[in-house]
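Read off the chains here:
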Amino acid sequence: MKKILKTKLPELWQKIDADFDLFLPIEKNKTLNFSLWKEGEKVNLDRVRTNASPKHLVFPQTETYLKFKNENKKLSLEVVEAEGDEYVLFGVRPCDVKSFKLLDNIFLRDPVDTYYKVHRDRGIIISLGCSNPEDTCFCTSFGVEAASAPEGADIAAWDMGDSFLWKTQSEKGQKLMESVEEFFTDAHEKDLKTLEHEKDNIREKLKELPFSNIDLSKIKGTQQEIFDQEEIWNEFSEKCLACGTCSYLCPTCHCYDLCDYKGSNKGEKFRCWDSCMSSDFTLMAHGNPRTSQMQRLRQRFMHKLVYYPKNHEGVYSCVGCGRCADRCPVHIDIVKIIKKLGGEKNEL
Amino acid sequence: MENITKKIRAVAKQALINKEIDKILGWKKGDLWSESYPVFITKPEDADSLIWDSFCINNLSKYLIKELPKYDKIGIFIKGCDSTSFNQLLKDNRINRENVVLYGIPCEGMVDPEKVKKIMLNDRVTRVKKSENGFTLTNKNTSKDVLGEEIKYDKCLTCTSPNPVVYDQLLGDVVNNNVNREDRFKGVEEIESMTPDERYNFWKGEFQRCLRCNACRDICPACSCVKCVFDNSDAEISGKAKTEGEDTFFHIVRAYHVAGRCVDCGECARICPAGIPLDKLNRKIIKDINEVYGEFNAGLDSTTPAPLVTFKLEDADTFSKQGGK
C-alpha cells in the first residue's frame, strides 16, 4: 500500500498527463463530470457522484465506424478506427467500476465489439472509496463494496483526509504506479489501521442511507408474471415524460442505434446511444413492437431487473449509483420500482 | 403549508366523492426530504396522500394533454407558473378549459435540493421546513436556519407570477410579488455583452455537455406537438448523433419553436441533467420580443395573440424595409 499527500496531487496529475489522457471529476458550470484534465481545472474529489457516468469513455455517445463514397459509380468504403489515446481515469466510484464489468458482459462476449475493446484496453482505472455517500446511493443492494477495493479497478484509492492511500491491483496499475513512484511513500502500519477505521465508517454510513432497505431477493414471480403486472407499469408510465435522462445517465444502459449521415454521394455510418424511452426504440422495417410508453418503461426495468440477470448468472444490470433517483425530472426511479415489485426488506 | 395540504386533501376528496371530477393531479411525498412527485388519483381514499410543500416543483399542466382524452373532467393543482403554461396549452388548442377544474395555489417559491446539498452536503439532511424568515434545515443531530434566497431555485427568485393567473378556486392567500422585474434579464444581458465569438464559444461549451436526452423538450409545456419533428424518423432529422452541429441545431430549433409561447417557467433549465442554462436562450427571445413589439408575457391569458404570429401596421418591423441589418 502506498501513500500520497494531497498537496502532491497537482504534480501527480502533470506527470500522468504527460504520458496519458487524464480524466478526472471536473467541476464546470454547476456540473461535475469526468473530463480531460488541463492545468487549472477545478477537480472535485469530495462529491461522490458525477452527473453523467464515465461510460462514455468506453462507449462513446456517437462513434463513426465506416465512411462511404460513391464516385463515378464506384463505391468505396473506409473503415474508421476507434479514436483516443491511452488514458487514466481517476476517482471512479466502486459502483461505476462495477458498471464497466456489466458492460464487458455485453460487449466483450463473442462476437467481441472491437471498438469497445479498444477503448477498454486503453484505460487504467483508479477507483476511489466513497467516504461520503449521498442520500440517493443504494449500491449495497447490488453487492457493490463502496468501502473495499472494487474488483476491476487497476488501482484502488481511499481519501484519508490529507492524503490518499493507493493499492495496486493489476499489471497495468503496477506499471503506472512505477512511473509515478517518486510522489509516493510506503504506507505505515498506522495508515493501514486508519484505513480500516475509515472503511468501517463508510460501511456505517451506508447502513443509514434512506434506500438501504431494498432487497431484490424479495421480488417474487416469474419473468412473465412480473411482465404482466400492467397496473404497476401503467402507474409509473403515465407520469413518465419519456425523456432519456435515466438511460443516458445510467452507467449500465448500453442500447445503441445504428444510423447514417447521408450526403448526395458520400456519407458515414455511426452508432449512437439509444434509449428505450424514445418513440423509435426497437423500430424495425415492419413497424414497432413497443407502441406505448408503458411498454418502453417496462422494458427499461425488465432489462435491469429480469432479462439481464437471466442471461448473466443472476447479476442485475444496476449498480445502485442513484443517478436516476437523483435526476429523473418526475422522480421515477428504480428504487420505487423495486419496492413496488415487493423488493423491500421486511420490517421487524 | 400544512394548512394548504389539509385543504388540498379535503378539496380532492370531496370533488372525487361528488364526482365533480374523475381524476385529480397533485403531488405526493417520496422517501426523501427533497422528493415531492406527481401523483394521479381517482379514488377518494387516496386523496390523503396528497401534499403541498417546498418541493412541489413539478408542473402538472402538461399531463393534461395525455390525460384529458381518457376522462371527462380532471382536477389539477396549479402554481403561478403552472397556470401560465396552462393558459398557453389552451391557446395552442391542446386542451379544453371546460374539462378541467383548476385549484390555484399561490406559491412562495420552491427549494432547490442542489442548493441545500451545497450547504449541508454530507450532513444527511432529513427535513427542510419553512420558518418565519426562511427555512430550517434539519438532520439527525442539528438544525440550521437559512434565508429563502439561499436555497430557492434561481427561477423562483426572479418569478413574476407567483399567483395563479387562472383558477376556479384559490387555496391559500395571495403572495406579494416583490421581484425586481429587471433581475429577470440579468443573465441574458451578461451574454449579450459578450463579443459574437465569446457568445458562440459560450453556447458551444454549454451544448457540448448536452446528452440529447430531450428532457428539456419533454417537460416543456410549450412543446406540445403531437409528434415532434425530432421524433419523426421519416423527416430524417432525428439527429441522434452527439455532434456539435446536431446539438446546436436541436437547441436553436427548439428555442425558435417555442418563441412567443415560452412562459418562462424555467423547467427546461431546472431538469437539464447537463446543467445547460436553456432558460437564458428562451429569455433572450422574450427580451427581444419585449423590446421590438412591446412587453408580452405568454400565458398571462389564453386569448391575446402572440406578437410573433400576428401582424399590425404599427409593428416595429413592417416588413417594408429591404434586407436585414
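For clarity, every value in this text was computed on a predicted model and none was experimentally measured.

Asker: Pulling in residues and values, what's your account of the packing of helix α10 (residues 244-257) of chain B against helix α12 (residues 278-293) of chain B?
Answerer: Residues and elements named next belong to chain B. For the pair α10 and α12, the least separation of the axes is 10 Å and the interaxial angle reads 45 degrees. It follows that α10 is oblique to α12 by the angle criterion. When you trace α10 past α12, the crossing you get is right-handed. For the pair formed by α10 and α12, the contact residues are His251, Arg254, Ala255 and Tyr256 on the first element and Leu278, Leu281, Asn282 and Ile285 on the second. By residue class, the composition of the contact of α10 with α12 is five nonpolar, two polar and one charged.

Asker: Pulling in residues and values, what's your account of the nonpolar core?
Answerer: Judged by nonpolar contacts, the single largest core of 119 residues is most densely connected at A:Trp233, B:Trp52, B:Leu64, B:Phe77 and B:Tyr103. At eight residues, the largest contribution of residues to this core is made by helix α9 (residues 293-311) of chain A. Mapping this core onto the domain boundaries places at least three of its residues in each of domain 1 (2-207) and domain 2 (216-341) of chain A. In contact with B:Leu64, not counting residues within four places along its chain, are B:Leu25, B:Pro69, B:Ile74, B:Ile76, B:Phe86, B:Ile95 and B:Val100. With 25 residues, the next largest nonpolar core counts A:Leu9, A:Phe20, A:Leu128 and A:Val180 among its residues.

Asker: Mind laying out the domain arrangement of chain A, listing which residues take part and the relevant values?
Answerer: Residues and elements named next belong to chain A. Along its sequence, chain A is carved into domain 1 (2-207) and domain 2 (216-341). Computed from C-alpha coordinates alone, the two centres of domain 1 and domain 2 are separated by 25 Å. Facing the 40 residues of domain 1 at the interface are 40 residues of domain 2. Buried surface at the junction of domain 1 and domain 2, both sides included, amounts to about 3,500 Å², of which 60% is carbon and sulfur. The three residues of domain 1 that bury the most area against domain 2 are Phe68, Phe138 and Phe142, which together make up 19% of that side's buried surface. Connecting domain 1 to domain 2 are four salt bridges. Among the salt bridges present, the one from arginine 49 reaches aspartate 326, with a minimum N-O distance of 3.2 Å. Counting only elements with at least two residues in the side of domain 1 that touches domain 2, the list comes to β4 (62-71), α2 (94-107) and α3 (114-121).

Asker: Account for the interface of chain A and chain B, with residues named and values stated.
Answerer: Many authors give the size of an interface as the accessible area that is lost as the parts come together. Facing 43 residues of chain A, the contacting portion of chain B comprises 47 residues. Taking both sides of the interface into account, the surface hidden between chain A and chain B amounts to around 3,700 Å²; carbon and sulfur atoms contribute 48%. Between chain A and chain B we count 13 salt bridges in total. Residue B:Lys240 is joined to A:Asp274 by a salt bridge in which the shortest nitrogen-to-oxygen separation is 3.0 Å. Tallied by class, the residues present in the side of chain A that touches chain B amount to 16 nonpolar, eleven polar and 16 charged.

Asker: So, the pairing of β4(A): which residues are in play, and what are the values?
Answerer: Residues and elements named next belong to chain A. In the sheet, β4 pairs with strand β12 (residues 266-273) via seven bridges, with the strands oriented antiparallel. Residue pairing in the sheet places leucine 66 in a bridge with lysine 269 of β12. Strand direction decides the pairing type here: β4 and strand β5 (residues 74-79), joined by six bridges, are antiparallel. Opposite phenylalanine 68, over in β5, you have leucine 77 as the bridge partner. Here β4 folds back onto β5 in antiparallel fashion, the turn holding two residues, of which asparagine 72 has a positive phi close to 50 degrees.

Asker: Describe the pattern of salt bridges, naming the residues involved and giving the relevant values.
Answerer: Throughout the structure, instances matching the rule amount to 60 salt bridges over all chains. As a salt-bridge pair, B:Lys29 and B:Asp53 come within 2.7 Å of each other at their nearest N and O atoms. Within this pair, whereas B:Lys29 is found in strand β1 (residues 23-29), its partner B:Asp53 is found in the loop between β2 (36-41) and α2 (63-67), the two being separated by 24 residues in sequence. Assessed through its relative accessible area of 29%, B:Lys29 is described here as partly exposed. Where B:Lys204 meets B:Glu244, a salt bridge forms, and the shortest distance between an N and an O atom there is 4.0 Å. Taken together, the residues span a long stretch of sequence, with B:Lys204 in helix α8 (residues 196-208) and B:Glu244 in helix α10 at a distance of 40 residues. You can call B:Lys204 partly exposed: its relative accessible area is 31%. The class for B:Glu244 is partly exposed, based on a relative accessible area of 38%. What emerges from the salt-bridge pattern is a single network uniting A:Arg47, A:Arg49, A:Glu134, A:Asp326, A:Arg327, B:Glu114 and B:Lys117.

Asker: Which residues make up the side chain of A:Thr64, and what are the values?
Answerer: Residues and elements named next belong to chain A. You can see threonine 64 is positioned in strand β4. Given a relative accessible area of 18%, threonine 64 falls into the buried group. Engagement of the side chain of threonine 64 in a polar contact is seen with the side chain of glutamate 268, the distance being 2.9 Å. Aside from chain neighbours lying at most four places away, what touches threonine 64 is Val80, Tyr115, Tyr261, Glu268, Lys269 and Phe270.

Asker: Can you break down the packing of α8(B) against α10(B) residue by residue, with the values?
Answerer: Residue and element names in this part refer to chain B. Interaxial distance between α8 and α10 falls to 10 Å at its minimum, and their mutual angle equals 100 degrees. When the axis of α8 is compared with that of α10, the two are roughly perpendicular. Within the contact between the two elements, α8 uses Tyr200, Lys204 and Phe207 and α10 uses Glu244, Asp247, Thr248 and His251. Looking at side-chain class alone, the contact of α8 with α10 contains two nonpolar, two polar and three charged residues.

What counts and how
Residues numbered from 1 in each chain as written. Chains lettered and ligands numbered in written order. Predicted model: local features only at pLDDT ≥ 70, side-chain atom pairs only at ≥ 80, totals over all residues. Heavy atoms only, no water. Axes fitted to C-alpha atoms, helices over the stretch in contact; angles between N-to-C directions. Helix = DSSP H or I, 4+ residues; strand = E, 2+ residues; numbered from the N terminus. Parallel < 35°, antiparallel > 145°, perpendicular 65-115°, else oblique. Left-handed = near helix turned anticlockwise from the far one by under 90°. Contact = heavy atoms within 4.5 Å. Nonpolar A, V, L, I, M, F, W, Y, C, P; charged D, E, K, R; others polar. Core = buried A, V, L, I, M, F, W, Y, C linked by side-chain atoms within 4.5 Å. Buried < 20%, exposed > 50% of the residue type's maximum accessible area, 1.4 Å probe, protein only. Domains from an automatic or database assignment. Buried area = accessible area lost by both parts, 1.4 Å probe. Salt bridge = Lys/Arg side-chain N within 4 Å of Asp/Glu carboxyl O. Pairing = 2+ DSSP bridges. Polar contact = N/O pair within 3.5 Å; in protein donor to acceptor, adjacent residues only side chain to side chain.

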